[in-house]
Amino acid sequence: MSTPHFDYLDRLEAEAIHILREVAGQFERPALLFSGGKDSIVLTRLAEKAFRPGRFPFPLVHVDTGHNFPEVLAYRDELAARLGEKLIVRKVEDTIKRQRLREPGGKYPSRNPLQTYTLLEVIEEFEFDACIGGARRDEEKARAKERIFSVRDEFGQWDPKRQRPELWNVYNGRIQKGENVRVFPISNWTELDVWRYIQRENIQLPDIYFGHERTCVVLPTGQLLGLSEHLRLDEDDEIVTRQVRFRTVGDSTCTAAVESDASTVEDIIQDLLLAKVSERGATRLDDNISEAGMEDRKRNGYF
Amino acid sequence: MDLLRFITCGSVDDGKSTLIGRLLYDSESVSLDVLAALEKRQASNGTVDLALLTDGLRAEREQGITIDVAYKYFTTPRRKFIITDAPGHVQYTRNMVTGASNADLAIVLVDARQGVIEQTRRHTLIAALLGIRHFVLAVNKMDLVGYDEAVFAKIATDYAELTNHFNLPAAVAIPLSALQGDNVVTRSTHLPWYTGPSLLEHLESVPGTQERADEPRFQVQYVIRPQTAELPDYRGYAGQIQSGEYRRGDRVLVLPSGLESEIEALEVSQQEVESAAAPQAVVIRLRDDVDVSRGDSIVPLGQQPTITRELEATLCWMSEQPLWPGRKLLVQHHSTLVKAAIPAILYKVNVQTFAKGAAESAQLNDIVRVRIKTALPLAVDTYQDNRVSGSFILVDELSGDTVAAGLVEAANSEYFTAPVAPPVAFSI
Ligand SMILES: Nc1nc2c(ncn2[C@@H]2O[C@H](COP(=O)(O)OP(=O)(O)OP(=O)(O)O)[C@@H](O)[C@H]2O)c(=O)[nH]1
Ligand SMILES: [Mg+2]
């Protein structure tokens, strides 16, 4: 008997589906964290493959920073409706009011750090014991160190020195009360893998991923930030209109656009094959602040 | 495109992380922004520390050592690689085991000045135990021994004794300098006496990740029951094919119950298919309304694993709390979780001599052979026969921590006669 040959994308897909089904089998109240970005959109496709013709054994949960791209919100609602799955939205805005938190000040007031508060609130509200996220190990050097099942304490904190061994594809989701697990089914995918999968599966994405004209402010680093009501502009800010696309979708005040006229998934893949700058490097403003930025945020409960 | 997953191992400071960094750097797989961050931390002599590409934790950067595995990804025109950079420090051996459990190939680094030492032996033992068959012996820091051929030849000979001991195919030995980049991506002129491939050339030419032709195994992870008006009676058993191939119409047994049925339909990505094979994620529907739940195995009639409540297994003990005979634990055999007890530790393996010796307890990072009794029957194969159905972890019931990696060595059949075991490649 000849063994059939599987492409690496087939293997990554099978691994991710296996992980999603382990979550369904091991936890009472899991949730899928859905940001509206390409990685979480890919997760929903994988969940369809894992659980159809049944329903997803978890709701989609969106932690809404309030600094969204309108296209992404529209896409989110449309997708949830098409899937017929439950969508829970919790707003950072409300957490700020409830916990009397201070809004981040400054010129580019990112709410990314505050997302963690809302995430922990929603985990407590619904007693989620597992949260599935679309983080990938190729994104950042601290992420490259995290397990697929990442056990967090009551405060959502990651302790990189106390990670459980993770053997073969046996995932240990046993936790004590108050603890929860963050699960990353596409840990082993790269940005390029995600795009190749989007292409192969013909997955529709929000328009902002493709080249479009946008009015942006030019940052001192040369990066382009789309104009929005949340930015505080100064007189001498340079405003330009450019053909851009987004490589990631996060808080709009800290996610830069890249210049591109890629209009199809194929174009984007060609772009990426030539890209000299990483996804985070090109687009995130908040990680450049400190070398251990991501590690610190994870230690504080960030996914 | 195919895939190769490899791990770097060897003792602390042998240069594993530097080697990975060099591989990524010289193959132009490092983005400009990541490089810029690296250059900011440049040493006083102006060189960048390539180990920082994988040593991503603050504690690692501060101490200059690797603590936990890092996963890195890169692609050449030939294939895609998943790299696992393991820590060399004995204290973090369990993290090395984590990395090795999913690797197809191990690069064992040796410092040319030190030769084969205890940690080289420990890591080779663990990698061999876990079933890795392809080894590369990377004799590193050749720059510090004047690129001396005799030094290299001696270490290669010493190491061959190890691979012989475990009945492994001979390791491919490559002299290199991770720091200088000799023989990592491109062949170096510093070692004219070496005529073999560079490390990357070799990694591009070895066989990639491939399924072994093992007997079919499948465990139910989750039962899909839509219970809708259109699909009131649909029951789909969702899981990943662990090994072998399944076909529509196969006569199968559900284990451990032993009930017989037939595969009525096989679904992949919501499409019915005629056949599917490991590692595909599938849904199996059975013709008969038999009782099947999470953790049950579905296997073809006549090719069943051993059903047992008594195992003999090799453990890599991973907890600071020692294991004493009589301990109660949980066995997680993939999607099955059962209570278990360890009535006896049969022996412990000396990692220096590989000799078996008596042991009262198992300490952190010990490799021991034990007997295990489980509260409910498991459907297992030996790890020799099947890396999936022959592997499990031990979980502490209270803390939930993973305390051991387990490999089934022998199982006493309860209901069926065990298949005759093929000759073992090596045993400890
Ligand atoms: N001269 C020389 N030094 C090297 C070479 N490779 C690595 N080193 C140095 O050896 C030291 C240890 O290197 P690492 O790459 O951190 O070692 P490691 O094997 O990853 O160590 P652990 O992960 O902590 O086990 C560093 O100072 C490196 O610069 C080499 O080929 N030649
Ligand atoms: Mg290292």
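Residues numbered from 1 in each chain as written. Chains lettered and ligands numbered in written order. Predicted model: local features only at pLDDT ≥ 70, side-chain atom pairs only at ≥ 80, totals over all residues. Heavy atoms only, no water.

As recorded in an unreviewed UniProt entry, chain B goes by sulfate adenylyltransferase and comes from Hymenobacter fodinae.

Taking an unreviewed UniProt entry as the reference, chain A is identified by name as Sulfate adenylyltransferase subunit 2 belonging to Hymenobacter fodinae. The annotation that UniProt attaches to chain A under Sequence similarities (unreviewed entry) is "Belongs to the PAPS reductase family. CysD subfamily." (UniProt positions renumbered as here; feature names shortened; annotations may be inferred.)

(A) Spatial organisation of the overall build of chain A. Across its full length, chain A carries nine helices and ten strands. In terms of overall dimensions, chain A is globule-like: its C-alpha atoms have a radius of gyration of 19 Å, near the 19 Å expected for 303 residues. The principal-axis extent of the C-alpha atoms belonging to chain A is close to 65 × 55 × 40 Å. Residue pairs at least 24 apart in sequence account for 75% of intrachain contacts in chain A once pairs closer than 6 positions are excluded. In the structure as shown, chain A presents an accessible area of about 12,000 Å², 47% of it carried by carbon and sulfur atoms. Looking at charge distribution, chain A has the averaged site of its 45 positive side-chain charges lying 5 Å from that of its 53 negative ones. (Helix = DSSP H or I, 4+ residues; strand = E, 2+ residues; numbered from the N terminus. Rg over C-alpha atoms; globule rule 2.2 N^0.38 Å. Contact = heavy atoms within 4.5 Å. Areas by Shrake-Rupley, 256 points an atom, 1.4 Å probe, with all protein chains shown as cover. Lys, Arg positive; Asp, Glu negative; His and termini not counted. Charge placed at Lys NZ, Arg CZ, Asp CG, Glu CD.)

(B) View of the coordination of the magnesium ion (ligand 2). At this site the magnesium ion (ligand 2) is bound by Ser17 of chain B (OG) and Thr66 of chain B (OG1), with donor distances of 2.0 Å. Taken as a pair, Ser17 of chain B in helix H1 (residues 16-26) and Thr66 of chain B in the loop between helix H3 (58-63) and strand S2 (70-75) lie far apart in primary sequence, 49 residues in all. (Donors = N, O, S within 2.8 Å, 3.2 Å for Na, K, Ca; no water.)

(C) Spatial organisation of the site of ligand 1. All names here are of chain B. Near ligand 1, the surroundings consist of 20 residues, among which Lys16, Thr18, Thr66, Gly88 and Asp143 are the closest. At a separation of 2.8 Å, an oxygen atom of ligand 1 approaches a polar backbone atom of Ser17. Protein contacts shield 85% of the accessible area of ligand 1, which totals 660 Å² for the unbound molecule. At three residues, the largest contribution of residues to the shell around ligand 1 is made by H1. Classifying every residue of the shell around ligand 1 by side-chain character gives seven nonpolar, eight polar and five charged. (Near = heavy atom within 4 Å. Polar contact = N/O pair within 3.5 Å; in protein donor to acceptor, adjacent residues only side chain to side chain. Nonpolar A, V, L, I, M, F, W, Y, C, P; charged D, E, K, R; others polar.)

(D) Looking closely at the pairing of strand S4 (residues 105-111) of chain B. Residue and element names in this part refer to chain B. Extensive coverage of S4 is indicated by the burial of seven of its seven residues. Burial of the side chains of S4 extends over both faces: Leu105, Ile107, Leu109 and Asp111 are buried on one face and Ala106, Val108 and Val110 on the other. In this sheet, strand S5 (residues 134-140) lies alongside S4 in parallel orientation, the contact comprising seven bridges. By the bridge assignment for S5, Val108 is matched with Leu137. Handedness of the crossover joining S4 and S5 through helix H5 (residues 118-129) is recorded here as right-handed. (Buried < 20%, exposed > 50% of the residue type's maximum accessible area, 1.4 Å probe, protein only. Pairing = 2+ DSSP bridges. Right-handed = clockwise from strand over helix to strand, strands pointing away.)

(E) Seen up close, the sheet that holds strand S5 (residues 149-152) of chain A. Residues and elements named next belong to chain A. Pairing is mixed in the open sheet, where six strands are placed in the order S3-S2-S1-S4-S6-S5. The open sheet has two edge strands with one neighbour each: strand S3 (87-91) and S5. This sheet shows a mean twist of 30° between the axes of neighbouring strands, independent of strand direction. Packing of helix H5 (residues 112-126) onto the sheet brings it into contact with strand S1 (30-33), strand S2 (60-64), S3, strand S4 (130-132) and strand S6 (180-183), and relative to S3 it is tilted by some 130°. (Axes fitted to C-alpha atoms, helices over the stretch in contact; angles between N-to-C directions.)

(F) Molecular detail of the domain arrangement of chain A. All names here are of chain A. Under the domain assignment, chain A is made up of domain 1 (8-192 + 292-299) and domain 2 (208-283). For domain 1 and domain 2, the distance between their C-alpha centres works out to 24 Å. Taken together, the contacts link 25 residues of domain 1 with 26 residues of domain 2. A combined buried area of about 2,200 Å² lies between domain 1 and domain 2, and 53% of that area is made up of carbon and sulfur atoms. Here domain 1 is connected to domain 2 by four salt bridges. Where Arg136 meets Glu279, a salt bridge forms, and the shortest distance between an N and an O atom there is 2.8 Å. At the boundary of domain 1 and domain 2, one finds six residue pairs in polar contact (both at pLDDT 80 or more). (Domains from an automatic or database assignment. Buried area = accessible area lost by both parts, 1.4 Å probe. Salt bridge = Lys/Arg side-chain N within 4 Å of Asp/Glu carboxyl O.)

(G) Main features of the environment of Glu22 of chain A. Residue and element names in this part refer to chain A. Residue position: Glu22 is located in helix H1 (residues 8-26). According to the relative accessible area criterion, Glu22 is buried, its value standing at 2%. Distance in space between the C-alpha atoms of Glu22 and Gln270 is 35 Å, their sequence separation being 248 residues.

(H) Structural context of the domain arrangement of chain B. All names here are of chain B. Splitting chain B by domain gives domain 1 (2-205), domain 2 (217-300) and domain 3 (306-417). Just the C-alpha atoms count here: the centres of domain 2 and domain 3 sit 28 Å apart. At the junction of the two partners, domain 2 supplies twelve residues and domain 3 supplies 13 residues. Here domain 2 meets domain 3 over a buried area of about 950 Å², counting both sides, of which 52% is carbon and sulfur. For the domain 2 face of the interface with domain 3, the top three residues by lost area are Gln219, Gln242 and Pro256, together amounting to 47%. The tally of links from domain 2 across to domain 3 stands at one salt bridge. One salt bridge connects Asp381 with Arg217, and the closest N-O pair in it is separated by 2.6 Å. Remark: the boundary between domain 2 and domain 3 carries six residue pairs in polar contact (both at pLDDT 80 or more).

(I) How the structure looks around the pattern of salt bridges. Across all of its chains, the model carries 57 salt bridges over all chains by this definition. Across the salt bridge formed by Arg294 of chain B and Glu22 of chain A, the nearest N and O atoms sit 2.9 Å from each other. A residue pair is termed interchain when its members come from two chains, as with Arg294 of chain B in the loop between strand S15 (281-286) and strand S16 (297-300) and Glu22 of chain A in helix H1. Arg294 of chain B sits in the partly exposed class, given a relative accessible area of 26%.

(J) Region of interest: helix H7 (residues 265-274) of chain A. Residues and elements named next belong to chain A. For H7, every residue scored as buried is listed here: Val265, Ile268, Ile269 and Leu272. One side of H7 holds all its buried residues, which, seen down the axis, span an arc of 100°. Where H7 is buried, its residues meet helix H6 (191-201) and strand S9 (239-246). (Arc of directions from axis to C-beta.)

(K) Representation of the interface of chain B and chain A. Across the contact, 79 residues belong to chain B and 61 residues belong to chain A. Of the roughly 6,000 Å² buried at the junction of chain B and chain A (both faces included), carbon and sulfur atoms supply 54%. Where chain B meets chain A, there are seven salt bridges. Where Lys80 of chain B meets Asp193 of chain A, a salt bridge forms, and the shortest distance between an N and an O atom there is 3.0 Å. Taken together, the residues of the side of chain B that touches chain A sort by class into 36 nonpolar, 25 polar and 18 charged.

(L) A look at the nonpolar core. By size, the foremost hydrophobic cluster in this structure holds 147 residues, and its most contacted members are Leu46 of chain A together with Phe6 and Ile107 of chain B. With nine residues, H1 of chain A is the single largest residue contributor to this core. Excluding residues that lie within four positions of it along the chain, Phe6 of chain B makes contacts with Ile20, Leu23, Phe81, Ile82, Ile83, Thr84, Ala103, Leu105, Ile107 and Leu203 of chain B. Counting residues in hydrophobic clusters, the runner-up holds 24 residues, among them Val338, Ile342, Ala404 and Ala411 of chain B. (Core = buried A, V, L, I, M, F, W, Y, C linked by side-chain atoms within 4.5 Å.)

(M) Structural view of the packing of helix H4 (residues 93-100) of chain B against H5 of chain B. All names here are of chain B. At a minimum axis distance of 10 Å, the contact between H4 and H5 shows a crossing angle of 40°. As summarised for this structure, H4 and H5 are arranged oblique, according to the angle between their axes. Note on packing geometry: the crossing formed by H4 with H5 is right-handed. Between H4, through Thr93, Met96 and Val97, and H5, the contact on the second element is made entirely by Gln119, Arg122, His123 and Ile126. (Parallel < 35°, antiparallel > 145°, perpendicular 65-115°, else oblique. Left-handed = near helix turned anticlockwise from the far one by under 90°.)

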